[in-house]
Amino acid sequence: QVQLVESGGGLVQAGGSLRLSCAASGRPFNTYAMGWFRQAPGKEREFVATINNVGSILYADAVKGRFAVSGDNAKHTLYLQMNSLKPEDTAVYYCAARKTIYGSTNYFAYDYWGQGTQVTVSS
């Protein structure tokens, strides 16, 4: 069983920044792919970014140039740096893990999920 715990969400003004963290436990951090997803009320869960076990990263078009993924293997922690935030970024953000070395943009492909952390961007 893999445990994922997100933190770092909050309320920010448009144009501001937040840094989300995802702490993983239960198995080695670098033996599976990780992803960030978000879900706003009334919408499907949306792909944000994914990183595989060798550090290759893919971003959704909506966040390219504004969000950045990084990982600290020693701390078993994945980060999502969010800059130039927009009201449209308001959502619950989830960290996910997949039992394979390959990342995916499809939330159905992931096996483990954190509890989510709320990000609210005011106008």
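Structure report, in brief. Every chain begins its residue count from 1, and numbering advances along the sequence as written. Whole-chain, interface and lining totals are the exception, using all residues; otherwise, since this is a predicted model, local features are given only for residues with pLDDT of at least 70 and side-chain atom pairs are given and counted only at 80 or more. The basis for every side-chain value is the complete set of non-hydrogen atoms in the structure, without hydrogens or water.

### Concerning the pattern of salt bridges
Just so we agree on the cut-off: The rule for a salt bridge is simple: a side-chain nitrogen of Lys or Arg has to be within 4 Å of a carboxyl oxygen of Asp or Glu. Runs of H or I in DSSP of at least four residues are treated as helices and runs of E of at least two as strands, each being numbered from the N terminus. The rule is simple: take the accessible area with a 1.4 Å probe, protein chains only, and divide by the maximum for that residue type; under 20% is buried, over 50% is exposed, in between is partly exposed.
In the structure shown here, the tally under the stated rule is 4 salt bridges. The shortest N-O distance in the salt bridge between Arg38 and Asp89 comes to 2.9 Å. One end of the pair, Arg38, is in strand β4 (residues 33-39); the other, Asp89, is in the loop between β8 (77-82) and β9 (91-98), and 51 residues separate them in sequence. Exposure remark for Asp89: the relative accessible area of 2% places this residue in the buried category. In this structure, the salt-bridge partner of Arg66 is Asp89, at a minimum N-O distance of 2.8 Å. Placement of the pair is Arg66 in the loop between β6 (57-59) and β7 (67-72) and Asp89 in the loop between β8 and β9, with a sequence separation of 23 residues.

### Looking at the packing of aromatic side chains
Short version of the rule: Two rings from Phe, Tyr or Trp (for Trp, the six-membered ring) form a pair when their centres are within 6.5 Å of each other. A pair whose planes differ by under 30 degrees is stacked, one over 60 is edge-to-face, and the rest are tilted. Whether a charge sits over a ring comes down to the Lys NZ or Arg CZ being within 6 Å of the ring centre and within 35 degrees of the ring normal.
Across all of its chains, the model carries 6 aromatic pairs by this definition. Ring-pair connections join several aromatic residues into one group, and the members of that group are Phe37, Phe47, Tyr94, Tyr110 and Trp113. Just above the ring of Trp113 sits the side chain of Arg45; from NZ or CZ to the centre is 4.7 Å.

### A closer look at the environment of Phe108
Inspection of the secondary structure assignment puts Phe108 in the loop between β9 and β10 (112-113). Along the backbone, Phe108 and Arg98 are 10 residues apart, and their C-alpha atoms lie at a distance of 9.8 Å.

### What to know about unusual backbone geometry
Of note in this structure, His76 is not a glycine but carries a positive phi near 50°. Structurally, His76 can be placed in the loop between β7 and β8. Within the chain, Ser84 stands out as a residue other than glycine whose phi angle is a positive 50°. Relative to the assigned elements, Ser84 resides in the loop between β8 and β9. Residue Ser84 is classed as partly exposed on the basis of its relative accessible area, which comes to 41%.

### Brief notes about the nonpolar core
Our working rule: Working definition of a nonpolar core: buried Ala, Val, Leu, Ile, Met, Phe, Trp, Tyr and Cys residues. They are joined through side-chain atoms within 4.5 Å. Contact definition: two residues touch when any of their heavy atoms are within 4.5 Å.
Ranked by size, the top nonpolar core spans 34 residues in total, and within it Leu4, Met34, Trp36, Leu80, Met82 and Tyr93 carry the most contacts. It is β9 that contributes the most residues to this core, 5 residues altogether. If we skip the residues at most four places from it in the chain, Tyr93 touches Glu6, Leu20, Phe37, Arg38, Val48, Phe67, Leu80, Met82, Gly116, Thr117 and Val119.

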